Structures are given as C-alpha cells and as structure tokens.
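Results of the structural survey
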Amino acid sequence: MTKPGLITLVGKDGVKWKVNLYEERSGSSLCLGKGWKEFAKANGLKTGEYFTLELVWENEIPMLSLVNTESASDRKQRGEPSKAMEKERSTDTSSIVQNRVVTLALETKDVKACTLHLPSEFVTAIGIKKLGKITLLGKDGMKWWGCLLSRDGTVAVGIGWRNFCEANGVKLGDSFSLVFINEEEDTGPVFKFSPNSGN
C-alpha cells in the first residue's frame, strides 16, 4: 500500500468498503479519502477516538480490518499516553539518533500493531528519498522486509517481526540498533539490525 488508489476496509461486522487512498500534496504520507467518512459512520467511529486497523490478506490482496476502538478517556484511565505525549516521547532519549544509527526498543504495542517507528529526524538525516520497501539485515544472512508508510517514520513490518527480532537476540523490552548502510533501487534503504550489548 505505497501508492494511491482504491483499498478495501473491513468493518467490525465483516462488511467490506472501498475507500480511496491518496497522497498528500507534500508527498509525505498517504491518506484515506472518499469513502472513509461513510465507513467511519457505519462503524460508529467518533472524532477523538483511537482505533486499530489490522492488515489482513485475502487471495493475496491486502485489506485493513477494523479490530477495536477506544476513546481518549479510556486510554487516559489505562495510563496510556495521549497523542501529544506520544509526540513528545518520540523526540526524547527513548529513540537515540546518532549519525547513521538509531537505537529503539521492541515494545508490545508495536509488535501487536506490526509496526516499527523510526524517529522522523533519523529519516531526514539519512536522506531517505521515497516511501516504500526497506530491508533489514540480521545475523547469518537473515533478512526482513518492511514498508516505510510515511515521512514521520512509520514502518509496517508484518506479523513475523517479533520472530525475526528474537532470532537475532532481541526480546520484548530489549533495545536494538539499526545502522543505515545504503539505499538501492531494488531493496530500498538497507539497515543492519543488531541487539544492544546491555540487553
């Protein structure tokens, strides 16, 4: 899902909706357009609510399925950070950026969402030219592929991401480093994945 066009959203009741996916003028991210309001209304989504869309496959066609919703007050009661707090946290030392290296932690919420979050300043610093495929190199020639979805550093890494991390010595709660190697046409940006010695 790296190019504009029609995508399929699946509601809580299993009903499928065709929604237009378009690129922002800045080219920094893809957005849901025509059909989204109707989908949101039919599934009872309200302004200010948090929701999760899970990537599912049907006959090799990717779709996004609505799996749960949650209000901001619910998150606050559970002690989860607000959007403003998450933005603030993304700029602190939880993601240490140094030249072509970034240090991250394998967190439960990211594993469940099948995502990886690269700090936007890191994405900018290493000069990634376009959204799309990225390649991660593990030990013994092991490789993993992800898809950079936006300029803010959101990467879809797929269901087996946790297995790849554990096979490379990183468990939930552990930190790891990504070293930017280069960017090639067929592989996209290439990173060396390695556990941190303090784990």
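Under an unreviewed UniProt entry, the protein chain has the name TF-B3 domain-containing protein and belongs to Brassica oleracea var. oleracea. Under the UniProt heading Subcellular location (unreviewed entry), the note attached to the protein chain is "Nucleus".

Comments concerning the overall build of the protein chain
For the protein chain, the helix and strand inventory stands at six helices and 13 strands. A buried classification covers 36% of the 199 residues belonging to the protein chain. Put simply, 48% of the contacts in the protein chain that link residues at least 6 apart link residues at least 24 apart. As displayed, the protein chain offers around 12200 Å² of accessible surface, 53% of which is attributable to carbon and sulfur atoms.

Points about the side chain of serine 177
Within the secondary structure, serine 177 sits in strand E12 (residues 175-184). Sequence-distant contacts of serine 177, that is, excluding residues within four places in its chain, are made with Val101, Val102, Thr103, Lys192, Phe193, Ser194 and Asn196.

Focus: the nonpolar core
By size, the foremost hydrophobic cluster in this structure holds 25 residues, and its most contacted members are Leu116, Leu118, Trp161, Phe176, Leu178, Phe191 and Phe193. Once residues lying within four places of it in the same chain are set aside, the contact partners of leucine 178 are Arg100, Val101, Val102, Leu104, Leu116, Leu118, Phe122, Leu136, Phe191, Lys192 and Phe193. Counting residues in each nonpolar core, the second largest holds eleven residues, with Leu9, Val19, Leu45 and Leu64 among its members.

What counts, and at which threshold
- Along each chain, residue indices are assigned from 1 in the same order as the chain's sequence is written.
- Note on the predicted model: pLDDT of at least 70 is required for a residue's local features to be given, and 80 or more for side-chain atom pairs to be given and counted; whole-chain, interface and lining totals, by contrast, use all residues.
- Note that the side-chain values use all heavy atoms of the structure and ignore hydrogens as well as water.
- UniProt positions are given in the numbering used here, feature names are shortened, and annotations may be inferred rather than shown by experiment.
- Labels follow the DSSP assignment, with helices taken as runs of H or I lasting at least four residues and strands as runs of E lasting at least two, numbered in each case from the N terminus.
- Partly exposed residues are those whose accessible area sits between 20% and 50% of the maximum for their type, while under 20% is buried and over 50% is exposed, using a 1.4 Å probe and protein chains only.
- In this analysis, two residues are considered to be in contact whenever any of their non-hydrogen atoms come within 4.5 Å of each other.
- Under the convention used here, a 1.4 Å probe and the Shrake-Rupley method define accessible areas, while residue burial counts only the protein chains that appear.
- We call a set of buried Ala, Val, Leu, Ile, Met, Phe, Trp, Tyr and Cys residues a nonpolar core when their side-chain atoms join them within 4.5 Å.

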